[in-house]
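The lines below spell out each chain.
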Amino acid sequence: MGIKIPDYDPSVSSLGRELLEWLEALTFAGVVAFFLFTFIVRLVTVEGHSMQPTLEEHDRLVIQTLGYEPELGDIIVIKLPETNALIKRVIAVEGQTIDIDFEKGIVYRDGEILDEPYIMEPTYRSKDMVFPVEVPEGCIFVMGDNRNHSSDSRDMTVGMVPVDRVVGKAVFRFMPLEAIGGLYDNLNDDIKDSAELSPAA
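Owing to the predicted nature of the structure, the values given are computational and were not obtained by experimental measurement.

## A closer look at the side chain of Asp59
Here comes step 1: Here Asp59 lies in the loop between strand S1 (41–45) and strand S2 (60–64).
Here comes step 2: For Asp59, a relative accessible area of 4% gives the class buried.
Here comes step 3: Here Glu56 takes part through its backbone nitrogen, which lies 2.9 Å from a polar atom of the side chain of Asp59.

## As for the pattern of salt bridges
Here comes step 1: Summed over all chains, the structure comprises five salt bridges.
Here comes step 2: Close ionic contact of Asp74 with Lys169 constitutes a salt bridge, the shortest N to O distance being 3.5 Å. Of this pair, Asp74 sits in the loop between S2 and strand S3 (75–78) while Lys169 is found in strand S11 (residues 166–175), placing the two residues 95 residues apart along the sequence.
Here comes step 3: Asp74 sits in the buried class, given a relative accessible area of 1%.
Here comes step 4: For Arg154, the salt bridge goes to Asp152, with nearest N and O atoms at 2.8 Å.

## Re the pairing of strand S9 (residues 139–143)
Here comes step 1: With five of five residues buried, S9 is to be regarded as a mostly interior element.
Here comes step 2: Side chains of S9 alternate between two faces, with Cys139, Phe141 and Met143 and Ile140 and Val142 buried alike.
Here comes step 3: Sheet analysis places strand S4 (residues 86–93) next to S9, joined by four bridges and oriented antiparallel. Within S9, the position partnered with Ala92 by the bridge is Phe141.

## Some thoughts on the layout of surface pockets
Here comes step 1: Reported here for the largest pocket is a volume of approximately 360 Å³.
Here comes step 2: For the largest pocket, the lining is made up of 17 residues, of which Thr45, Glu47, Ala85, Leu86 and Ile87 are closest to its centre.
Here comes step 3: Of all the secondary structure elements, the ones that give two or more residues to the lining of the largest pocket are S1 and S4.
Here comes step 4: In terms of residue count, S4 provides more of the lining of the largest pocket than any other element does, three residues in total.
Here comes step 5: In terms of residue class, the lining of the largest pocket is built from eight nonpolar, seven polar and two charged.

About the criteria used
- Residues numbered from 1 in each chain as written.
- Predicted model: local features only at pLDDT ≥ 70, side-chain atom pairs only at ≥ 80, totals over all residues.
- Heavy atoms only, no water.
- Helix = DSSP H or I, 4+ residues; strand = E, 2+ residues; numbered from the N terminus.
- Buried < 20%, exposed > 50% of the residue type's maximum accessible area, 1.4 Å probe, protein only.
- Polar contact = N/O pair within 3.5 Å; in protein donor to acceptor, adjacent residues only side chain to side chain.
- Salt bridge = Lys/Arg side-chain N within 4 Å of Asp/Glu carboxyl O.
- Pairing = 2+ DSSP bridges.
- 1 Å grid on protein atoms, 1.4 Å probe; cavity = no way out; pocket = protein on both sides within 12 Å on 5 of 7 lines; lining within 4 Å.
- Points joined across faces, edges and corners; volume = space filled by probe spheres on them.
- Nonpolar A, V, L, I, M, F, W, Y, C, P; charged D, E, K, R; others polar.

All we've got here are geometric facts, nothing functional implied.
Okay, structure coming up:
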């Protein structure tokens, strides 16, 4: 297999050739960007305050979409029927049991107290989900980091989120510039690792 090199045409000016090369380069870049932002990543803007203090309203994020499977501790975007897209944190996956002591603000996963350095304040606000509850197959349990000002899996209008409703994982914040960077840089590695290794019920 070879390549074809266009024949030199002296009738085409140097400026014309340069413009043509730029046009070809821009077209190629546009095609690459289209496939990148359609099938691999997406750019989203945070609306609301349910993920404070981790995320602020109007933060701009890069979302990984291709080949993503939800994992404990991930910040994800979900799209449920007849609702706007939501951004929450994965607290439990299928087969795990969640219980919440709303008087003390403590969350338990499979009987173990969660260490949650990322939350705004303890989880005092209950809704209409009855606890303890086991996450069914093919679903995840999510909550916002601003626990007392978040509509999430504690509310039956959200409930257990089917995995196929997950758009992707938030991996990077690119706006505002003063907060640019990865979203898990300040999450203690030991906490993250223990969450990922938490045994299923």
